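Listed below are the residues making up each chain.
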Amino acid sequence: MKKTVFLGALTVAGLAAGASAAATLDDVKARGKLNCGVTTGLVGFAAPDANGKWEGFDVGVCRAVAAAVLGDANAVEFVPTTGKTRFTALASGEVDMLARNTTWTLSRDVDLKFDFIGVNYYDGQGFLVPKEMGVSSAKDLDGATVCIQTGTTTELNLADFFRANNISYEPVPIETNAEGQQQYLAGACDTYTTDASGLAATRATFEDPSAHVVLPEIISKEPLGPLVRHGDNEWGDIVRWTLNALISAEELGITSTNIGELSAAPGDNPEINRILGTEGNLGEMLGLDADWAKRAIMAGGNYGELFAKNIGESTPIALSRGLNAQWKDGGLIYSPPFR
Amino acid sequence: MSDLSYVRSEILPERAPPASSVGVVGWARANLFNGIGNSIPTILALIFIWYVVSFLVSWVFSPTWSSESLNQCREIFGADGGHSAACWGVIRERWVQLLFGFYPEAERWRPVVAFGLLFVALIPVLFNMISRRMNWVLLLAVLGLAALYLGGVLGVILGLALLGAAGFIGFKAFSTSKEDRAAQIASGAKRLPNPLIFSAIFPFIAPWLLWGGSIWMPIAAALGFVVGFFAFRFLAPVVGSLAGLIIAVVAALIWWLFLTTGFAGLMQSIIPVGLEHVESRNFGGFMLSTTIGVVAIACSLPIGIVLALGRQSDLLIVKALCVGFIEFIRGVPLITLLFVASTLLNIFMPPGTNFDIILRVLIMVTLFASAYMAEVIRGGLAALPRGQYEAADALGLDYWKAQRLIIMPQALKISIPGIVSTFIGVFKDTVLVSIIGLLDPLGLSNAIRADQAWNGIVWELYGFIALMFFVFCFSMSRYSMYLERRLRTDHR
């Protein structure tokens, strides 16, 4: 009942916001800054450095959009949101877009009146166990104590998985990831479960990472992507195609190092030309100028560069591309054509 | 008879007590090793204390101040050490962030100056042990240092002038004794203005320093009080004091709601003076906690007094409003109010309204603290003997005079421990704002751990934060004890 009322209120707000704030692009341009909702801190995805400058994979998407729209990758006001405040922040217009490792689900898309404009990271829920436990599959975890963050989809996925496999578990509820790490290291639970990217980041901080393994089973689909409000499709298009430009750039081999050369004059590849604005008028269709995608790519590099810099194998988190490889390399990252 | 005597005929000289019953040894024997039942717990406790202290000391004193990441700390500890010592590099790298949040680096002198001025403004309110002149010395010194820090030719000249003035007054204060000064004043020497004037101005200066913007905004806000005062002054004799009061309040409200912005804008266009505007979004760390805490503490006491009096009032509507407010706010957890501030208000307000999030939080925390304060003060009022009220009536004092001169001084004195513990509670409750995404010290500790270099660090951050909070709260608690001693009028 309470939830219904709350969602109802959200809906009304979403409608109201959608009706009256139809031109987010104009608002952003008038303000000169993009308000981008991020997490209050998640390793590799969004975190402030010692000088207060935000960095990370999700932050990269915000900067690309700001560069495309405003011409300045630093014209972003990062609004830290928690899991509880993120949707209201977006619905009420406090932020223009949310790039906050948010799972794309039907109810969020439909009932909360948001538009997920794509997926920038395919995640899934995994299990972290100490190697000495000798467990090689999540199905061997019968009777295990499991550290689990309360109030998240991971909690529901966990219950589904254990019920489907007809095995039992004992949950140890925790509030934050930091608490999870401490509880797990202190032996309060046999296994710690959360998104696989989070597990990798957690494991990387351990004294001896090789003493812990992430089990092969991924028990849920967590497509994480940026989202915008319903009702302003022009703005949604801009954010969507900015992300697509980053993805296509990797596919076509446009990087932050060779982009100057490629955009200087029309080249042999017509799609590269269209993306970089040396041919056609795609930017104009979006209500932006011809160089929009060039600036977005230059902000932090293409999708692959962003990945490698923030969460890739050369970083302490050391995530392999896996599902997040380009479709040509057997992954799911795929951008519709720029035509 | 011989001179043999079986009874000692002279008194022996007093001797010092045996060494085993005086000094440290004697005290230890009497209190710690007084029999087996006492000795065993003592020894166990000593072993425990030794264990804890030796662990803490070896943990705290670790050569990791200059490390750049947790892994580097681990290298310093070596393979055998493990993570058994503190990794202080995180504090070295982030302490500024923990104190100021995202406040722009070039503007950080402003919160520092505001904090310094806060003490200058508080001292005449809180202590009566410091002389009027020393207060002005403090004020001039803080302003002088700030001007010097800002630099530039003007800053240096102004800073030196202010410091010179401070030195001069300080020298005079030290060179003339209290009695001489009293004699000078008695013979008509000019006194310095009352430092409470500055305390009254401070609430307008502090927000201007913290948020910046045009200087005409705080001036316009202060003028609201002037408007209200004059409205009361001139109308009260004509329409009666109650109606005059109501009209004065309405006049001030009209000024604040409709005329302030225009006035400030106009004056700014004529004489542009101002500081760079800093968004609330950039507030964070202890600066945020202190801002919320100080505002809530400062505002909740007067509001609480009014509410407590209203609750005892005979006027039905006043009483019902006060009881309703207090019971509603006390019946709701603070975190709920914060959620209302951060999410619900957003939904109910038209899109595009920019109602500052920190302002919303400030209002909610103040309301929350006021309700508790009202009940604490009501306790003090209830503890006063009925005779005090009757004595005030017998003296022919009206309601406000009786409250001001007889009732409140006693009731507040009784409630000091309760008031201060409410203050401390409110100050600590400010960390709850991390749940609505504001980066107070606790929120920042999470953000700092999200940096790959420091992921996995827990105790060092929480220890630092706990230490800072302890300093604030412990000083408040010591102050309350000082105040109780000072105000003790019974003859014990």
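Along every chain, residues carry numbers that run from 1 in the direction the sequence is written. Throughout, the order in which chains and ligands are written sets their labels, letters from A for the former and numbers from 1 for the latter. Owing to the predicted nature of the model, reporting of local features is limited to residues with pLDDT of at least 70; listing and counting of side-chain atom pairs is limited to 80 or more, with chain, interface and lining totals taken over all residues. Side-chain measures here rest on the full set of heavy atoms in the structure, leaving out hydrogens and waters.

A.B. asks: Explanation requested: the nonpolar core in the structure shown.
C.D. replies: A general tendency of soluble globular proteins is for nonpolar side chains to be buried together. The biggest cluster of nonpolar side chains holds 109 residues, and the ones touching the most others in it are A:Leu34, A:Met97, A:Trp235 and B:Leu381. Whether two residues are in contact is decided by their heavy atoms, any of which lying within 4.5 Å being enough. Sequence-distant contacts of A:Met97, defined by excluding residues within four places in its chain, comprise A:Leu34, A:Asn35, A:Cys36, A:Gly37, A:Val61, A:Val65, A:Leu90, A:Pro226, A:Leu227, A:Val228 and A:Val239. Put simply, a nonpolar core is a bunch of buried Ala, Val, Leu, Ile, Met, Phe, Trp, Tyr and Cys residues held in one set by side-chain atoms that sit within 4.5 Å of each other. Only protein chains enter the area calculation, which uses a 1.4 Å probe; residues under 20% of their type maximum are buried, those over 50% are exposed, and those in between are partly exposed. Core analysis: the second largest hydrophobic core is formed by 43 residues, B:Ala146, B:Leu209, B:Val278 and B:Phe283 among them.

A.B. asks: Explain the sheet that holds strand S10 (residues 169-174) of chain A here, please?
C.D. replies: Pairing between the strands of a sheet comes from backbone hydrogen bonds, and it takes one of two forms, parallel or antiparallel. Residues and elements named next belong to chain A. Should DSSP find at least two bridges between two strands, the strands are regarded as paired. Going along the chain from the N terminus, every DSSP run of H or I of four or more residues is numbered as a helix, and every run of E of two or more is numbered as a strand. Read from one edge to the other, the open sheet built from five strands follows the order S10-S9-S11-S8-S12, with strand pairing classed as mixed. With partners counted over all chains shown, the strands left at the sheet margins are S10 and strand S12 (212-214), one partner each. Averaged over all pairs of adjacent strands, the angle between strand axes in this sheet comes to 30°, irrespective of strand direction. The sheet contact formed by strand S9 (residues 144-149) and S10 spans six bridges and is parallel. Considered in S10, the bridge of Cys147 is made with Val172. Where helix H6 (residues 153-164) meets the sheet, it contacts strand S8 (125-130), S9, S10 and strand S11 (191-195), and its direction lies at approximately 155° from that of S9. This element, helix H7 (residues 177-185), spans S8, S9, S10, S11 and S12 of the sheet and lies at about 155° to S11. Axis definition: a line fitted to C-alpha atoms, over the contacting stretch in the case of helices. Angles run 0 to 180 degrees between N-to-C directions.

A.B. asks: Would you explain the packing of aromatic side chains in this entry?
C.D. replies: In this description, an aromatic ring pair is defined by two values, namely the gap between the centres and the angle between the planes. Ring pairs shown here join Phe, Tyr and Trp side chains whose ring centres sit within 6.5 Å, with only the six-membered ring taken for Trp; geometry is labelled stacked below 30 degrees between planes, edge-to-face above 60, and tilted in between. If you walk through the whole model with that rule in mind, you get 37 aromatic pairs over all chains. Taken together, a centroid distance of 5.9 Å and an interplanar angle of 45° make the contact between A:Phe127 and A:Phe161 tilted. Note that A:Phe127 is positioned in strand S8 and A:Phe161 in helix H6, a separation of 34 residues in sequence. Plain terms: the ring middles of B:Phe368 and B:Tyr372 are 5.0 Å apart, the flat faces sit at 50° to each other, and that makes the pair tilted. You can see B:Phe368 and its partner B:Tyr372 sitting in helix H15 (residues 357-383), four residues apart, about one turn around the helix. Geometry around A:Phe307 places A:Arg321 over its ring, the cationic atom sitting 4.9 Å from the centre. The rule for a charge over a ring is simple: NZ of Lys or CZ of Arg within 6 Å of the ring centre, and within 35 degrees of the ring normal.

A.B. asks: Would you mind going over the pattern of salt bridges with me for this structure?
C.D. replies: Working definition: two side chains of opposite charge can pair if their charged atoms are close together. Residue and element names in this part refer to chain B. Salt bridge criterion: a side-chain nitrogen from Lys or Arg within 4 Å of a carboxyl oxygen from Asp or Glu. Going through the model one piece at a time under the given rule, you end up with 17 salt bridges over all chains. Across the pair Arg330 and Glu327 runs a salt bridge whose closest N-O atoms are separated by 3.7 Å. Note that Arg330 and Glu327 are positioned in helix H13 (residues 316-330) at a spacing of three residues, about one turn of the helix. The class of Arg330 is partly exposed, set by a relative accessible area of 32%. The class of Glu327 is partly exposed, set by a relative accessible area of 35%. What emerges from the salt-bridge pattern is a single network uniting Arg311, Glu327, Arg330, Glu375 and Arg378.

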